[in-house]
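# Chains, contacts and geometry: an overview
Listed here are the chains, written in short residue letters.
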Amino acid sequence: MCLAIPGKIIEISEDKFIIDYETDKRIVNFSVINVVVGDYVIVSNKIIVNKVPKEEAIRYLEMINKFEK
Amino acid sequence: MKSKTQISYEEILFRYGLSCADNLLVLKKISQKDYDRLFENADKREVPDKEFLQRVFSAAIKRIGEETAQAVEKYFLEKHNTIIENREGDYARLWKISPKRCLECMAGKAVIIGIEYKMGVPVYNVRYESGKEEIAIGKYLWDEVKVGDTITIHNNSAVRKYEI
């Protein structure tokens, strides 16, 4: 499946965003949108490109986790 | 700039597949090593070899079949989208939660209606045939484009200039 996976921003510093995907954490260095800690975001080509409403992201991730098990 | 007919099978597979690499990494469908290699190549504007691409994007390869650039593009712009639109398999359940996330995965053609640069990265404002307006990131779009050009987009990233 081709899926856009939301991750939660848990830390922002001058040049990096730490994103929590529950199974993993990733560092991304660039965002084209304004984001704050706690936002759920979509990353494409190492760039934060979209925000996802929290409730939607949580339900979506729960569903994906079920698929993966 | 390469025209539609000049692009190789490997290059078009690389371009469409690259925009899915972040998701594949999170889902552990590809290794960190393979992910890093993809972007090392992308940063150098080098196309990886066929064997590597076919291994990394094996799920798509199974569905594409024929080893031609036309078959790859046809797959992403048609069959790949049909699977999502028809809500086949797991998409049925995901669609109920977020149609937008499902639609985000679809590849499509759109016209550039504006271009801005953020830290040197082109961000295209695009309009799809449906009238929907979105942004597409052009970090790995290797073609020269301007307002009015049509590009293909996958997962919010510009893939290539579409020669009509």
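Relevant structure appears above.
Residues numbered from 1 in each chain as written. Chains lettered and ligands numbered in written order. Predicted model: local features only at pLDDT ≥ 70, side-chain atom pairs only at ≥ 80, totals over all residues. Heavy atoms only, no water.

## Describing the overall build of chain B
Secondary structure summary: chain B contains eight helices and five strands in total. Along chain B, from the amino end to the carboxyl end, the secondary structure elements read α-α-α-α-α-α-α-α-β-β-β-β-β. Residue burial in chain B is summarised as follows: out of 164 residues, 54% are buried. Put simply, 50% of the contacts in chain B that link residues at least 6 apart link residues at least 24 apart. (Helix = DSSP H or I, 4+ residues; strand = E, 2+ residues; numbered from the N terminus. Buried < 20%, exposed > 50% of the residue type's maximum accessible area, 1.4 Å probe, protein only. Contact = heavy atoms within 4.5 Å.)

## Here's the deal with the packing of aromatic side chains
Ring pairs (aromatic) are described by centroid distance and by the angle formed between their planes. Residue and element names in this part refer to chain B. Considering all chains together, one arrives at five aromatic pairs over all chains under this definition. Taking 4.8 Å as the distance between ring centres and 55 degrees as the angle between the ring planes, the aromatic pair formed by Tyr 35 and Phe 39 counts as tilted. With Tyr 35 and Phe 39 both in helix 3 (residues 32-43) and four residues apart, this pair spans about one turn of that helix. The burial state of Tyr 35 is the same as that of Phe 39; both residues are buried. Members of the aromatic cluster, joined through ring pairs, are Tyr 16, Tyr 75 and Phe 76. Its guanidinium or amino end placed over the ring of Phe 52, Arg 37 lies 3.8 Å from that ring's centre, counting from NZ or CZ. A cation over a ring is seen here: Lys 132 above Tyr 128, with NZ or CZ 4.6 Å from the ring centre. (Phe/Tyr/Trp six-rings, centres within 6.5 Å; stacked < 30°, edge-to-face > 60°. Lys NZ or Arg CZ within 6 Å of the ring centre and 35° of its normal.)

## Things to note about unusual backbone geometry
Despite not being glycine, Lys46(A) shows a phi value in the positive range, around 65 degrees. Inspection of the secondary structure assignment puts Lys46(A) in the loop between strand 5 (40-44) and strand 6 (47-52). Here Lys46(A) falls in the partly exposed class, since its relative accessible area comes to 29%. With a phi angle near 60 degrees, Lys28(B) is a residue other than glycine that sits in the positive phi range. As for its position among the elements, Lys28(B) is in the loop between helix 2 (21-26) and helix 3. For Lys28(B), a relative accessible area of 51% corresponds to the exposed category.

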